[in-house]
Amino acid sequence: MKRVTGIGGIFFKCKDPGKLRDWYKTHLGFDTSHYGAKFEWQQDAAAAKQGYTLWSPFPDNTQYFEPSAADFMINYRVENLEALVAVLQKEGVTVLDKIEASEYGKFVHILDIEGNKIELWEPNE
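These notes cover the structure that comes with them. (Residues numbered from 1 in each chain as written. Predicted model: local features only at pLDDT ≥ 70, side-chain atom pairs only at ≥ 80, totals over all residues. Heavy atoms only, no water.)

1. Focus: the overall build of the chain
When its secondary structure is counted, the chain shows 2 helices and 8 strands. What you see in the chain, going N to C, is helices and strands ordered as β-α-β-β-β-β-α-β-β-β. Rg of the C-alpha trace for the chain: 15 Å, near the compact-globule value of 14 Å for 125 residues, within the 12% margin. Projected onto its principal axes, the C-alpha positions of the chain cover 45 × 40 × 25 Å. Long-range contacts, defined here as pairs at least 24 residues apart, represent 56% of the contacts in the chain between residues at least 6 apart. If the 14 positive side-chain charges of the chain are averaged to one point and the 19 negative ones to another, these points end up 1 Å apart. (Helix = DSSP H or I, 4+ residues; strand = E, 2+ residues; numbered from the N terminus. Rg over C-alpha atoms; globule rule 2.2 N^0.38 Å. Contact = heavy atoms within 4.5 Å. Lys, Arg positive; Asp, Glu negative; His and termini not counted. Charge placed at Lys NZ, Arg CZ, Asp CG, Glu CD.)

Shown next as structure tokens:
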């Protein structure tokens, strides 16, 4: 079973997300929205299947990264979230919440051995 297939997003804290998104848009050409910026790519050279990696600044007082004390959170793309969560639980990995489905796919949060919160994401097809 494949586990992680790529990085789905990089999330980090900052003082003013809107101002920072505008700075990156103006100075580095990021195509930003309220959520940040998408960097689109192809799954592989021959595939028509497209994916993306999300760059997303959060307010410095966000509680979304808790219980981690880190100022960042990495979102990893996975192929079968339910199966992976079952395996991770058997391996003793701390799973913080239940799998949540949204318009973007399925999400769940875990902790690594240093207490960093990680978001696992199975995109919708």
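2. Some words on the sheet that holds strand β4 (residues 50-59)
Taking strand neighbours across the sheet as the criterion, the 8 strands line up as β2-β3-β4-β1-β5-β8-β7-β6 in an open arrangement whose pairing is mixed. Both edges of this open sheet fall to β2 (32-33) and β6 (100-102), since each of them pairs with a single strand only. Packing against the sheet, helix α1 (residues 17-28) makes contact with β1 (4-14), β2, β3 (36-42) and β4, and its axis sits at approximately 130° to β4. Along the sheet, helix α2 (residues 81-90) contacts β5 (72-78), β7 (105-111) and β8 (117-123); its crossing angle with β7, the most-contacted strand, is approximately 15°. (Pairing = 2+ DSSP bridges. Axes fitted to C-alpha atoms, helices over the stretch in contact; angles between N-to-C directions.)

3. Looking at the packing of aromatic side chains
Aromatic ring pairs are described here by two measures, namely the spacing of the ring centres and the angle between the planes. Under the criterion given, the structure shown has 13 aromatic pairs. With centroids separated by 6.2 Å and ring planes inclined at 70°, the aromatic side chains of Tyr35 and Tyr104 adopt a geometry described as edge-to-face. Residue Tyr35 is located in the loop between β2 and β3, and its partner Tyr104 is located in the loop between β6 and β7; the two are separated by 69 residues in the primary sequence. Take Tyr104: its relative accessible area is 34%, and that puts it in the partly exposed class. Each ring, one from Phe107 and one from Trp121, has its centre 6.2 Å from the other, and the planes form 10°; the classification is stacked. Placement of the pair is Phe107 in strand β7 and Trp121 in strand β8, with a sequence separation of 14 residues. In this structure Phe107 comes out as buried when scored by relative accessible area, which is 17%. Overall, Trp121 belongs to the buried group, its relative accessible area being 4%. Following the ring pairs from residue to residue traces out a cluster consisting of Phe12, Trp23, Tyr24, Phe30, Phe39 and Trp55. Taking NZ or CZ as reference, Lys38 lies 4.4 Å from the ring centre of Tyr52, over its face. (Phe/Tyr/Trp six-rings, centres within 6.5 Å; stacked < 30°, edge-to-face > 60°. Buried < 20%, exposed > 50% of the residue type's maximum accessible area, 1.4 Å probe, protein only. Lys NZ or Arg CZ within 6 Å of the ring centre and 35° of its normal.)

4. Focus: α1
Taking 1.5 Å of rise per residue, 12 residues should cover 16 Å, and α1 covers 16 Å from first to last C-alpha, within 8% of that figure. With its phi angle positive at about 80°, Gly29 sits one or two positions after the end of α1. (Expected span 1.5 Å × (residues − 1).)

5. Examining the environment of Asn80
In this fold, Asn80 is placed in the loop between β5 and α2. Given a relative accessible area of 36%, Asn80 falls into the partly exposed group. With 77 residues separating them along the chain, Asn80 and Arg3 place their C-alpha atoms 7.9 Å apart. A polar contact of 3.1 Å, which involves the side chain of Asn80, links it to the backbone nitrogen of Ala83. (Polar contact = N/O pair within 3.5 Å; in protein donor to acceptor, adjacent residues only side chain to side chain.)

Spatial relationships are all this shows, so hold off on functional conclusions.
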